[in-house]
Structure formats: structure tokens, C-alpha cells
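Each chain is listed here by its residues.
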Amino acid sequence: MSTLSHPYKDCSEPKEVPTEYRKDVDALFEWIKQQPRFPAFTLNHAHLFLHACHWVIEDAKKALQKYAHIHATAPDIFDNRDILSSGVQLVLNMTHMVSLPKLTPEGYRLLCYRLSDTDPSRMNFAEAVKTFCMFNDVQISKDGPIDGYIVVFDMKGVRLGHLARVQFGPLRTFMSYIQDAHPVRLRKIYIVHTASFINQVMALIKPLIRSELLGLLQFCSSGPIDILPAELLPKPVSLSLSVLVIV
């Protein structure tokens, strides 16, 4: 298995760095190479994390340290990332995880997630978190440093039975990863077709959410067509799974 089981696993060529930030990216990369606990991060990773942290080197160092720590201490989420494993295949067969091809006018990528199989008894929460992170790593590898991401979670078909399947350990790992270590600029999180029990969902996750992330959340009882430009969205019949292999 490659030591680069995270973004840029198969990307050997450095991505172009804005001229004004080249020295900062080089400096961060030199610091990375001196960290014995880090995996085989590359110049691309230095660029990615520095960009995600709006070019603040100390913030990028903290994010990298948290990233490495979470990967090392959460093997249920970040080890054995085999897309053909039964657990990952189960998640892929019961969800749609879609990266939409058109960027917003601001240059943001739209990522949409929803259930295709609404049977709560089939959901394995830890495997769902693992698969979600695998999908996101693939998308980061494809996009490189971009201006930001808008995430749409569609709750259509989500039931209280799904809430009962949530495991606190993987949930806590996921929330820490998204807030402290995920190397992207997250711009907005839309929760569409909001379920009637959304208050129970928020009661579960709110203790794990800082105000910065909470401020990105927007709830909508209808679908994405009511909050996003129609030209950015696929036709309902064309919404299908799009995921690449990462191991």
C-alpha cells in the first residue's frame, strides 16, 4: 500500500504556486520534512494546506499536525482504504456522493450527498465516514487548491433509525477532522429536505461544532433547486455516483 493514502497519492508533479506565496510554500515544505511523525507529504501538500489556511504558515502547521494525528489515531476511518471492501461497497451502493462539474461564479465546487437506500438497518456509520473521507480525498486530488467548496446534504429519506445508528467515536473523529485538519476552504453547508427531527440531530452534534462551522450551516425544507442556480445542478435523473479509487 502506498504511504500516500491521502490527497495527491498519484500526483508526482508539483502544482503551480502563486508567485507571491512560493517562498512560504517552500518554507512549510522544509518544516514538513523535519517532522518525523509525518507520512510522505510532498510540496503539493504544503501548498494545499497553506492555501486552505489562507496562507498563514502557523495555522497550516497546526492543521498538518492535527491531520497526521487523526490519521494515526483513527484506523477505523483512515486505514485499509480498499474501495472493494464489503463495508465501503455497502456505503457506495446506498448513497450518492457527487461532485458537480460546474463551479459557482465565485469558483466554488459543489459537492452533493444523499441516500439512495433509505433502510437504516443497512447503515454502518463508521464505514460511511470512511467512505465519505475517501471520496473527499479523491476530489481534493482532482481539484487541487481551489477557492472553496459548497456542500449539500440532502436529508430526503433520512429517518430517526439512521440517527440511532450514529456512533459517537467516528462522529467525534469526523467533526475534529473537518474543523481542524481538512485541507480545503469550506464556504457553505446546505442541509436540504430538512427532516422534522433536525433538532435532535443538532442536539447530537452541536457540542462538537465550533461557531465558525455552525455559521456555515443553512437549513432548507425544500430541495437544492430553491437555494442554488438551476444551471449548476444536474437533472434529477442524471444524479449518479461519481467516485475514483483511492487506497
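Residues numbered from 1 in each chain as written. Predicted model: local features only at pLDDT ≥ 70, side-chain atom pairs only at ≥ 80, totals over all residues. Heavy atoms only, no water.

## Remarks on the domain arrangement of the protein chain
At step 1: Assigned domains of the protein chain: these are domain 1 (19–73) and domain 2 (78–232).
At step 2: Its C-alpha centre places domain 1 at a distance of 25 Å from the equivalent point of domain 2.
At step 3: At the junction of the two partners, domain 1 supplies 12 residues and domain 2 supplies 16 residues.
At step 4: For the domain 1 face of the interface with domain 2, the top three residues by lost area are Leu48, His51 and Ile70, together amounting to 42%. (Domains from an automatic or database assignment. Contact = heavy atoms within 4.5 Å. Buried area = accessible area lost by both parts, 1.4 Å probe.)

## Thoughts on the sheet that holds strand E4 (residues 186–192)
At step 1: On the basis of which strands lie adjacent, the open sheet formed by five strands has the order E1-E2-E3-E4-E5 and mixed pairing. The open sheet has two edge strands with one neighbour each: strand E1 (95–99) and strand E5 (217–220). On average, each strand axis in the sheet is tilted by 15 degrees relative to the strand beside it, whichever way the strands run.
At step 2: Here five bridges tie E1 to strand E2 (residues 108–115), and the two strands are oriented antiparallel to one another. Note that in E2 the partner of Thr95 across the bridge is Leu115. (Pairing = 2+ DSSP bridges. Helix = DSSP H or I, 4+ residues; strand = E, 2+ residues; numbered from the N terminus. Axes fitted to C-alpha atoms, helices over the stretch in contact; angles between N-to-C directions.)

## Quick word on the packing of helix H5 (residues 86–94) against helix H6 (residues 125–143)
At step 1: For the pair H5 and H6, interaxial distance at closest approach is 9 Å and the crossing angle is 80 degrees. Looking at the two axes, H5 sits roughly perpendicular to H6. Along its contact with H5, which presents Gly87, Val88, Val91 and Leu92, the element H6 presents Glu127, Ala128, Lys130, Thr131 and Met134.
At step 2: Tallied by class, residues from the contact of H5 with H6 come to five nonpolar, two polar and two charged. (Parallel < 35°, antiparallel > 145°, perpendicular 65-115°, else oblique. Nonpolar A, V, L, I, M, F, W, Y, C, P; charged D, E, K, R; others polar.)

## A few points about the nonpolar core
At step 1: With 60 residues, the main nonpolar core has Leu28, Ile32, Leu64 and Tyr177 as its most contacted residues.
At step 2: Of the residues that make up this core, three or more belong to each of domain 1 (19–73) and domain 2 (78–232).
At step 3: Ile150, Val152, Tyr190 and Leu233 belong to the second largest nonpolar core, which has 13 residues in total. (Core = buried A, V, L, I, M, F, W, Y, C linked by side-chain atoms within 4.5 Å. Buried < 20%, exposed > 50% of the residue type's maximum accessible area, 1.4 Å probe, protein only.)

## Quick word on helix H8 (residues 168–180)
At step 1: Helix length check: H8, at 13 residues, gives a terminal C-alpha distance of 18 Å against a target of 18 Å (1.5 Å per residue), a fit within 8%.
At step 2: Those residues of H8 that sit buried are Pro170, Leu171, Thr173, Phe174, Met175, Ser176, Tyr177, Ile178 and Gln179.
At step 3: If you follow the buried residues of H8, they end up packed against helix H3 (57–73), helix H4 (75–78), H6, E4, helix H9 (198–205) and helix H10 (211–214). (Expected span 1.5 Å × (residues − 1).)

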